[in-house]
Amino acid sequence: KGIRTALKTLASGTVGKLQVCIHPAWALDPYALYLELKRAFWTTNEHVSTPRPAFTAIEVCHQHERGKAVWRGLEALPLAEMRLFSMHLIQSPANKMTPAAFVDQVKRLKIPNIQMEVFDEGALMRMKMNLLLATADGSVNRPRVLVLKYQPLQDQNPVVLVGKGVCFDTGGLSLKPSKNMHEMKTDMSGAAICVASVMAAAKQNLQLNMIAVVGLVENMPSGSAYRPGDV
């Protein structure tokens, strides 16, 4: 953490490639450092008029005792990529990350060996997922349930991840305080982490069956929002 903080301070506002070489005497995991540096220097220029400076690449080298180079973080690339993807989902403005937009973002990645199912409002009504539908009733952005399956093994029970996907949570008619309400775009962090975890497993070809199930809704106040005490 200290190395990450120091580098971020020294390299703030610079562009190009960041190269960090770890001395063999340092008891430091280059894999972990690579991931931390990718996270620390992550930025997005998607919604700004003046692009922020950013590194084009980050490379970690580990000089082993035998004098040969080294570890360049290639093993960490799939995990770092999916970690940054989840950060992109979480940090996107709520008007750009609706339930439908969340699904579209995942579809665009087109990761092999992933099965995807998307249930729209009609399917959710037939499945009687009434609590999720009630949460969405106050919003013009209609709900989705997204299921991702990565199952490379035939005879293994899957690890199932269920993530909260409230793309914006005003609290409905029980309106939240306005001061920090802008942070409620992150109420879908659980969903973002779940789908990124399954996709990271697929990109690494892990021999582990995984399923992510995420309900995606927007909770807004309106004349159609459910009231406290409603059944």
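Residue numbers run consecutively from 1 along every chain, following the written order of its sequence. Totals for whole chains, interfaces and linings use all residues, but because this is a predicted model, local features are given only for residues with pLDDT of at least 70 and pairs of side-chain atoms are given and counted only at 80 or more. Each side-chain value is worked out from all heavy atoms of the structure, with water and hydrogens disregarded.

Draft legend 1. Focus on the side chain of Asp 169. Examined against the element boundaries, Asp 169 turns out to sit in strand β5 (residues 159–169). Among the polar contacts listed, one links the side chain of Asp 169 to the backbone nitrogen of Gly 171, at a separation of 3.0 Å. Think of a polar contact as two N or O atoms within 3.5 Å of one another; within protein, one of them needs to be a possible hydrogen donor and the other a possible acceptor, and neighboring residues in sequence only count if both atoms come from side chains. A polar side-chain atom of Asp 169 sits 2.9 Å from a polar atom in the side chain of Asn 219. Contacts are assigned to residue pairs with any non-hydrogen atoms lying within 4.5 Å of each other. Leave out the neighbours within four places in its chain, and Asp 169 touches Lys 164, Lys 176, Met 184, Asp 187 and Asn 219. Comment: elements are numbered from the N terminus, with helices defined as DSSP H or I runs of at least four residues and strands as E runs of at least two.

Draft legend 2. Focus on the sheet that holds β5. If you walk across this open sheet you meet the 4 strands as β3-β4-β6-β5, and the pairing is mixed. Each edge of the open sheet is held by one strand with a lone partner, namely β3 (115–119) and β5. Neighbouring strand axes in the sheet, compared pairwise and without regard to direction, differ in orientation by 15° on average. As paired elements, β5 and strand β6 (residues 210–219) share 10 bridges and run parallel to each other. For Gly 165, the partnering residue across the bridge sits in β6 and is Leu 216. Only C-alpha atoms enter the line fits that serve as axes; for helices the fit covers just the stretch in contact. Angles between N-to-C directions range over 0 to 180 degrees. Taken strand by strand, helix α4 (residues 99–109) contacts β3, β4 (144–150), β5 and β6, and its axis lies near 20° from that of β4. One requirement defines pairing of two strands: DSSP has to find at least two bridges between them.

Draft legend 3. Region of the structure containing the environment of Arg 83. Turning to its location among the elements, Arg 83 is positioned in helix α3 (residues 77–91). Residue classification places Arg 83 among the partly exposed positions, given a relative accessible area of 28%. Through-space distance from the C-alpha of Arg 83 to that of Ser 197 is 8.2 Å; in sequence the pair is 114 residues apart. Leave out the neighbours within four places in its chain, and Arg 83 touches Leu 35, Glu 36 and Arg 39. With a 1.4 Å probe rolled over the protein chains alone, any residue whose accessible area is under 20% of its type maximum counts as buried; one over 50% counts as exposed, and the rest are partly exposed.

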